[in-house]
Amino acid sequence: MSETAPEGPPEGSENGSADPWGFGLTPEQTAYAGWVRSAVRGLPATGPVHGAVNRPLLVSLGGSGLLRGLFGGDPGQPPHDAAAMRLCLLRELIATVDTEAETALALQGLGAYPILQSGSEATRERWLPGVVSGEVVPAFALSEPDAGSDAGALALEARPAGDGWTLHGTKTWISNAPDADVYSVFARTTPGAKARGVTAFAVAGDAPGLTGDRLDMVSPHALGTLHFDGVRVGPADLLGEVDQGFAVAMRTLDLFRPSVGAFAVGMSQAALDASLAWASERELFGGRLVDQQATQHTLAEMSTRTEAGRLLVRRAAAAYDAWSRQGRPARGANVVTTTAAQAKLFATESAQWVVDQAVQLHGARGLQRGHLVERLYREVRAPRIYEGASEVQRTIIARGLMAES
């Protein structure tokens, strides 16, 4: 596979010594974080797009090299799995500056990773160069009207047809739908087998029999419903093995779950920074808002929750990367899954509280359409639901604890 990409951040070993507390960054990671900050601030303004894919933004992200950060390897080389720590740094730092850009970037990774990890060489060659450049929009099509948190209840049928299958049913709450160019679709190939009877396929967005509708949501990014009316898929479209699609989905989610927490930490940091700046300039009762003890205590709690979320995210990312370097042994899978769930749960729940406090400190102007904290207030709610709701994360954590006892 050939691709062109701008010169990205310097590559280096991520195995250097961390700080004495074990949650710091190596010099290489610190340099990467600095590069991300510079690159995201240099993105050209594309204008807001509500409810549809912002393709000019994606092309800008590709041209900047930021989309390349979703994948490992150097520019000009085939993409492979990114280190979880770098993925978390990428998402946190972009979210601190521009949540629309962060969401657009993250959805490129979520939709493409099943293809990257489990697709044939031909399938990867067909789709991934465009994903990295921002010219191809992928989507992760797992959720259904009656199968959200309970992914094992998938009902989209893959009916045998010749040497392949035809897909029949509906997917909904699908990010980037119905605008995506390719969907990682999870369908039932064995009735009654729950999670063990699901198969993953790569389905082109213009496939005959595939239609979609937009959903009007509070969050600004594209979200839609997909209808499959006899959509043909063959052996070349398989992602992984037949009836092993649930593992394909979980492998993607295990990597991306800590980075959802990183997105939340970035939003928390943006809300905290805005609140500090506003409280320092706002005059009332003969002094500044920041001089009020109640304000100081609120800011202190906002900062503490943000930093605690950041540390949990980095712990989960470090656990995933260590596990990957060891060849993903079964023995360490429980730790990876549990720490990822803890990071997502705490960081997203904390971000909701931090952003709410930011609105309170800003008063009515914090609810004015277009204000930074107003945008954060709308966008912070969804991460507590997608890629496993908070209640699901608590169940995962409890199971992990029982498995270790």
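Every residue gets a number counted from 1 within its own chain, in the order that chain's sequence is written. Totals for whole chains, interfaces and linings use all residues, but because this is a predicted model, local features are given only for residues with pLDDT of at least 70 and pairs of side-chain atoms are given and counted only at 80 or more. To obtain the side-chain values, all non-hydrogen atoms of the structure were included, while hydrogens and water were left out.

So, on to the side chain of Gln117. To qualify as a helix, a DSSP run of H or I must reach at least 4 residues; to qualify as a strand, a run of E must reach at least 2; elements of each kind are numbered from the N terminus. Assignment of secondary structure puts Gln117 in helix α4 (residues 99–118). In this structure the side chain of Gln117 is engaged in a polar contact, spanning 3.3 Å, whose partner is the side chain of Asp81. Only heavy atoms matter for contacts: two residues are in contact if any of them lie within 4.5 Å across the pair. Once residues lying within four places of it in the same chain are set aside, the contact partners of Gln117 are Asp81, Arg251 and Thr252. Any pair of N or O atoms that falls within 3.5 Å is considered a polar contact. Within protein, one atom must be able to donate a hydrogen and the other to accept it, and sequence-neighbouring residues count only if both atoms are side-chain atoms.

When you line up the elements, Pro79 lands in the loop between β1 (71–72) and β2 (80–81). Only protein chains enter the accessibility calculation, which uses a 1.4 Å probe; a residue is then buried when its area is under 20% of its type maximum, exposed when over 50%, and partly exposed in between. A relative accessible area of 9% places Pro79 in the buried class. Residues Pro79 and Gly69, spaced 10 residues apart in sequence, show a C-alpha to C-alpha distance of 9.7 Å.

Here, the term nonpolar core denotes a set of buried Ala, Val, Leu, Ile, Met, Phe, Trp, Tyr and Cys residues that are joined through side-chain atoms within 4.5 Å. One finds Leu61, Leu66, Leu167, Tyr183, Phe186, Phe201 and Val203 to be the most contacted residues of the largest nonpolar core, which totals 111 residues. Among the elements that take part in this core, helix α6 (residues 245–281) stands out by supplying 16 residues, more than any other. Other than its neighbours up to four places away in sequence, Leu167 contacts Glu157, Ala158, Val185, Ala187, Phe201, Val203, Phe228, Asp229, Gly230, Val231 and Val233.

Attention now goes to the confidence of the model for the protein. Per residue, pLDDT captures the predictor's confidence, and it can take any value from 0 to 100. Mean pLDDT over the protein: 90, with 94% of residues reaching 70 or higher. The low-confidence segment residues 1–7, where pLDDT is below 50, has 19 contacts with residues more than four positions distant or belonging to other chains. When the criterion is pLDDT under 50, residues 10–22 qualifies, and its contacts beyond four places in sequence or with other chains add up to 18 contacts.

Between two packed helices, both the angle of their axes relative to each other and the distance between the axes serve to describe the pair. Two elements in contact, helix α3 (residues 84–97) and α6, have axes whose closest approach is 7 Å; the angle formed by their N-to-C orientations is 30°. One way to sum up the angle between α3 and α6 is to call them roughly parallel. Crossing handedness for the pair α3 and α6: right-handed. When residue character is reported, Ala, Val, Leu, Ile, Met, Phe, Trp, Tyr, Cys and Pro are called nonpolar, Asp, Glu, Lys and Arg charged, and the others, Gly included, polar. Split into classes, the residues belonging to the contact of α3 with α6 amount to 13 nonpolar, 4 polar and 3 charged. Here, axes are lines fitted to C-alpha atoms. For helices the fit covers the stretch in contact, and angles between N-to-C directions go from 0 to 180 degrees. Here the word oblique covers every angle except those under 35 degrees (roughly parallel), over 145 (roughly antiparallel) and from 65 to 115 (roughly perpendicular). Helix crossings are classified by the rotation of the near helix relative to the far one: an anticlockwise turn of less than a right angle makes the crossing left-handed, while a clockwise turn makes it right-handed.

So, about helix α2 (residues 55–64). Leu57, Leu58, Ser60, Leu61, Gly62 and Ser64 are the residues of α2 that are buried. Of the surrounding secondary structure, the elements contacted by the buried residues of α2 are α1 (27–41), α4 and α5 (121–133). Put simply, Asn54 is the residue that caps the front of α2, since its side-chain oxygen is 3.1 Å from the backbone nitrogen of Leu57.

On to the packing of α1 against α3, then. It is the contact of α1 with α3, at a shortest axis distance of 9 Å, that shows an interaxial angle of 35°. Of the two elements, α1 crosses α3, and the hand of that crossing is right-handed. Of the residues in α3, those touching α1 at Glu28, Gln29, Tyr32, Ala33, Val36, Arg37, Val40 and Arg41 are Met85, Arg86, Leu89, Leu90, Leu93, Ile94 and Val97. Its residues placed into classes, the contact of α1 with α3 shows 10 nonpolar, 1 polar and 4 charged.

Within the secondary structure, Gln342 sits in helix α8 (residues 330–362). For the pair Gln342 and Pro258, spaced 84 residues apart in the sequence, the C-alpha separation amounts to 8.5 Å. In this view, Gln342 contacts Leu312, Arg315 and Ile397; residues no more than four positions away in its chain are not counted. One polar contact links Gln342 to Arg315, side chain to side chain, over a distance of 3.2 Å.

Further remarks concern the packing of aromatic side chains. Here is the rule: rings of Phe, Tyr and Trp (six-membered ring for Trp) pair when centre to centre is within 6.5 Å. Planes less than 30 degrees apart are stacked, more than 60 are edge-to-face, and the remainder are tilted. All chains considered together, the criterion is met by 6 aromatic pairs. Plain terms: the ring middles of Tyr113 and Phe256 are 5.2 Å apart, the flat faces sit at 75° to each other, and that makes the pair edge-to-face. One end of the pair, Tyr113, is in helix α4; the other, Phe256, is in helix α6, and 143 residues separate them in sequence. Considering the side-chain rings of Tyr320 and Trp323, the 5.7 Å spacing of their centres and the 70° angle between planes classify their relative orientation as edge-to-face. Remark: Trp323 and Tyr320 occur in helix α7 (residues 293–325); sequence separation between them is 3 residues, near one turn of the helix. This pair shows no difference in class: Tyr320 is buried, exactly as Trp323 is. Looking at Arg86, its charged tip hangs above the ring of Tyr32, at a distance of 4.4 Å from the centre. A cation over a ring is seen here: Arg305 above Trp353, with NZ or CZ 3.9 Å from the ring centre. By the criterion adopted, a ring carries a charge over it if an Arg CZ or a Lys NZ lies within 6 Å of its centre and within 35 degrees of its normal.

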